[in-house]
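Observations on the model geometry
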Amino acid sequence: MQSSVNINWQGLSTADSEQLKASLKAFIHGLTHDAAQADDIYQETLLRTGKSARFTELESPLAYMITVAKSVLYDFQRKRTPNAVEVELIDLEAANDGPEHAHQQQQKLRCIAAIIESMSPQRRQVFLLRRVEGLSRDDIAVQLGLSVEAVKKHLTRAMTELTLKLEEAGWTPDN
């Protein structure tokens, strides 16, 4: 797929720019098994990267593009995930759906709990403060003594880890 995004690739040869795009596309396809989502993330990453006035001054343009791609993936995941999890509501909904569905949901919740428990302590804490407690990134940064960028990094990595491990365990957004 040829990109229609106009990035300032000055200072890069055509071969270098094509290599950057190919590497970026391979990285993104490794993050998600959904080809359509991967293409959307790729295009959005190119759009956001194209807005960077200092792109050609970067020491590692690919590292920058990968960071942007992770941010885009996080944004896509955030749109699919509720802002705060209300465990009581999930339990009530599960109780109303019948025993088989309730059992399946309990298994999924145990899987999510195990994935969250396996995260590094700081990442787990940032994730829980944001997704369970509903705190803003700024509030989390102040509370934990982190930069907002560090909070964003932890959230992106936590969401990516959670999504990938759920998919590996056979849980999709449909079940």
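Up top is the structure these notes are about.
Residues numbered from 1 in each chain as written. Predicted model: local features only at pLDDT ≥ 70, side-chain atom pairs only at ≥ 80, totals over all residues. Heavy atoms only, no water.

Our focus in this paragraph is the packing of aromatic side chains. Counted under the stated rule, the structure contains 0 aromatic pairs. Taking the ring centre of Tyr42 as reference, the NZ or CZ of Lys25 above it sits at 4.5 Å. (Phe/Tyr/Trp six-rings, centres within 6.5 Å; stacked < 30°, edge-to-face > 60°. Lys NZ or Arg CZ within 6 Å of the ring centre and 35° of its normal.)

For the pair helix H7 (residues 137-144) and helix H8 (residues 148-168), the least separation of the axes is 8 Å and the interaxial angle reads 110°. Considering their axes alone, H7 and H8 lie roughly perpendicular with respect to each other. Together, Arg137, Asp138, Ile140 and Ala141 of H7 and Val148, Val151, Lys152 and Leu155 of H8 make up the contact between the two elements. (Axes fitted to C-alpha atoms, helices over the stretch in contact; angles between N-to-C directions. Helix = DSSP H or I, 4+ residues; strand = E, 2+ residues; numbered from the N terminus. Parallel < 35°, antiparallel > 145°, perpendicular 65-115°, else oblique. Contact = heavy atoms within 4.5 Å.)

Position of His154 among the secondary structure elements: in helix H8. The class for His154 is buried, based on a relative accessible area of 7%. Looking at His154, its side chain comes within polar contact range of the side chain of Gln122, at 3.5 Å. Setting aside chain neighbours within four positions, we find His154 in contact with Gln122, Arg123, Val126 and Leu146. (Buried < 20%, exposed > 50% of the residue type's maximum accessible area, 1.4 Å probe, protein only. Polar contact = N/O pair within 3.5 Å; in protein donor to acceptor, adjacent residues only side chain to side chain.)

So, on to the pattern of salt bridges. Per the stated rule, a full pass over the model turns up 5 salt bridges. In this structure, Glu161 engages Arg123 in a salt bridge whose closest nitrogen and oxygen atoms are separated by 3.8 Å. Taken as a pair, Glu161 in helix H8 and Arg123 in helix H6 (residues 121-131) lie far apart in primary sequence, 38 residues in all. In terms of burial, Glu161 and Arg123 fall into one category: buried. Measuring nitrogen to oxygen at the nearest pair gives 3.2 Å for the salt bridge that ties Glu161 to Lys165. (Salt bridge = Lys/Arg side-chain N within 4 Å of Asp/Glu carboxyl O.)

We now examine helix H1 (residues 14-31). Given a rise of 1.5 Å per residue, 18 residues ought to cover 26 Å, and the 26 Å separating the end C-alpha atoms of H1 matches this to within 8%. Listed as buried for H1 are Ser17, Leu20, Lys21, Leu24, Ile28 and Leu31. Taken around the axis of H1, the buried residues stretch over an arc of 95°, which confines them to a single face. The outward face of H1, more than 90 degrees from its buried face, is lined by the exposed residues Ala15, Ala26 and Gly30. (Expected span 1.5 Å × (residues − 1). Arc of directions from axis to C-beta.)

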